[in-house]
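Spelled out from the first residue to the last, the chains are:
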Amino acid sequence: MCGVAGIIDYSGRSGSIPAVGAMLRAISYRGPDESGIYNSPVATIGNVRLSIIDLATGQQPLSDMTGRYWIVFNGEIFNYIELREDLEKKNVKLKTQSDTEVLVNLFALYGEKCLNLLNGQFAVAIWDKIEETLFIARDRVGIRPLFYTIANGVLYFASEIKALFQNKEVRRELSPENLAQVYTVWTALTPATVFSDISELPP
């Protein structure tokens, strides 16, 4: 299964590593095998991992070949072996056997257009440490979840809403309008959730 979480804070305030650690602990059952955190002055992103592909060397977060892009990933890329072969033909040197490393190196080459190459189910966050920008995406059907909110100018994202609530800055407030959608059609309509100011990233 796996889970991801992160905080993007351009003000550079401290405390993001413990905060992301708390977010990951809230969803630790999604990835009981191991966890990891990448931290920069702006971005802190983390992953809890259920090891399925490349048990030995697929730890996250991990970077592309140049070290510019850092990824946390929940899901599986079914055609990663074929995509790996294409990368190797372009002289991309891969250190692991994981689909995660294939994905981050595809992003380094093609940017967001790499999504057109993927056959799989995923929620992914990729940090560009040079441009200091975050790219997040879900698979076409939305099998893997990803939620986010912005509070006091800080972006929080995670695989589950309760991870967002580990931060006192994130309000726990139900939305009457969105609750009405749940009672009418069984769910809040994407990108809405039952909570005010918390959104689900659309597929």
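Up top is the structure.
Reading guide: rules and limits
Residues numbered from 1 in each chain as written. Predicted model: local features only at pLDDT ≥ 70, side-chain atom pairs only at ≥ 80, totals over all residues. Heavy atoms only, no water. Buried < 20%, exposed > 50% of the residue type's maximum accessible area, 1.4 Å probe, protein only. Helix = DSSP H or I, 4+ residues; strand = E, 2+ residues; numbered from the N terminus. Pairing = 2+ DSSP bridges. Core = buried A, V, L, I, M, F, W, Y, C linked by side-chain atoms within 4.5 Å. Contact = heavy atoms within 4.5 Å. Phe/Tyr/Trp six-rings, centres within 6.5 Å; stacked < 30°, edge-to-face > 60°. Axes fitted to C-alpha atoms, helices over the stretch in contact; angles between N-to-C directions. Parallel < 35°, antiparallel > 145°, perpendicular 65-115°, else oblique. Left-handed = near helix turned anticlockwise from the far one by under 90°. Nonpolar A, V, L, I, M, F, W, Y, C, P; charged D, E, K, R; others polar.

**Structural notes on the pairing of strand 3 (residues 43-49)**
Item 1. For strand 3, the tally of buried residues reaches seven of seven residues, placing the bulk of the element in the interior.
Item 2. Hairpin remark: strand 2 (residues 34-39) followed by strand 3, antiparallel, with three residues in the connecting loop.

**A word on the nonpolar core**
Item 1. The biggest cluster of nonpolar side chains holds 23 residues, and the ones touching the most others in it are Ile71, Val124 and Ile126.
Item 2. For this core, the secondary structure elements donating two or more residues are strand 5 (69-77), helix 2 (80-89), helix 3 (99-110), strand 6 (120-128) and strand 7 (133-138).
Item 3. For this core, the leading source of residues is helix 3, giving five residues.
Item 4. When sequence neighbours within four positions are dropped, the list of residues in contact with Ile71 reads Ile45, Gln60, Pro61, Leu62, Thr100, Leu103, Val104, Val124, Ala125 and Ile126.
Item 5. Of all hydrophobic cores here, the second largest spans 20 residues; its members include Ile27, Val48, Ala151 and Leu164.

**What about the environment of Leu50?**
Item 1. Inspection of the secondary structure assignment puts Leu50 in the loop between strand 3 and strand 4 (62-63).
Item 2. Note: C-alpha distance between Leu50 and Gly31 (19 residues apart in sequence) is 4.2 Å.
Item 3. The contact partners of Leu50, leaving out residues within four places of it in the chain, are Met1, Cys2, Arg30, Gly31, Pro32 and Asp33.

**Structural notes on unusual backbone geometry**
Item 1. Of note, the amide linkage connecting Gln60 to Pro61 takes the cis form, showing an omega dihedral of -5 degrees.
Item 2. For Pro61, the location among the structural elements is in the loop between strand 3 and strand 4.
Item 3. In the segment running from Thr190 into Pro191, the intervening peptide bond is cis, with an omega of 15 degrees.
Item 4. With respect to the helices and strands, the residue Pro191 is situated in the loop between helix 5 (176-185) and strand 10 (199-200).
Item 5. With a phi angle near 55 degrees, Glu132 is a residue other than glycine that sits in the positive phi range.
Item 6. Residue classification places Glu132 among the partly exposed residues on the basis of a relative accessible area of 32%.

**Some points on the sheet that holds strand 5**
Item 1. One open sheet accounts for four strands, arranged 4-5-6-7; its pairing is antiparallel. The outermost strands of the open sheet, each flanked by one partner alone, are strand 4 and strand 7.

**A few points about helix 1 (residues 16-26)**
Item 1. Where burial is concerned, most of helix 1 is hidden: eight out of the 11 residues are buried.
Item 2. Along helix 1, the positions that sit buried rather than exposed are Ser16, Ala19, Val20, Gly21, Ala22, Met23, Leu24 and Ala26.
Item 3. Where the residues of helix 1 are buried, they touch strand 1 (3-8), strand 2, strand 3, strand 9 (154-158) and helix 4 (161-164).

**Observations regarding the packing of aromatic side chains**
Item 1. The full count for this structure, using the stated rule, is four aromatic pairs.
Item 2. Consider the rings of Tyr69 and Phe107, whose centres lie 5.4 Å apart with planes at 85 degrees: the pair is edge-to-face. With Tyr69 in strand 5 and Phe107 in helix 3, this pair connects stretches of sequence that are 38 residues apart. Phe107 shares its class with Tyr69; the two are buried.
Item 3. Through a chain of ring-to-ring contacts, three or more aromatic side chains come together here, namely Tyr69, Phe107 and Phe135.

**A short note on the side chain of Asn79**
Item 1. Looking at the element boundaries, Asn79 is found in the loop between strand 5 and helix 2.
Item 2. Judged by its relative accessible area of 15%, Asn79 is buried.
Item 3. When near neighbours in sequence (up to four residues on either side) are disregarded, Asn79 contacts Leu117, Leu118 and Asn119.

**Here we look at the packing of helix 2 against helix 3**
Item 1. Packing of helix 2 against helix 3 leaves a shortest axis separation of 10 Å and a crossing angle of 50 degrees. One way to sum up the angle between helix 2 and helix 3 is to call them oblique. As helix 2 packs across helix 3, the resulting crossing turns out to be left-handed. Here Tyr80, Leu83, Arg84 and Leu87 of helix 2 lie close against helix 3, whose contacting residues are Asp99, Val102, Asn105, Leu106 and Leu109.
Item 2. Classifying every residue of the contact of helix 2 with helix 3 by side-chain character gives six nonpolar, one polar and two charged.

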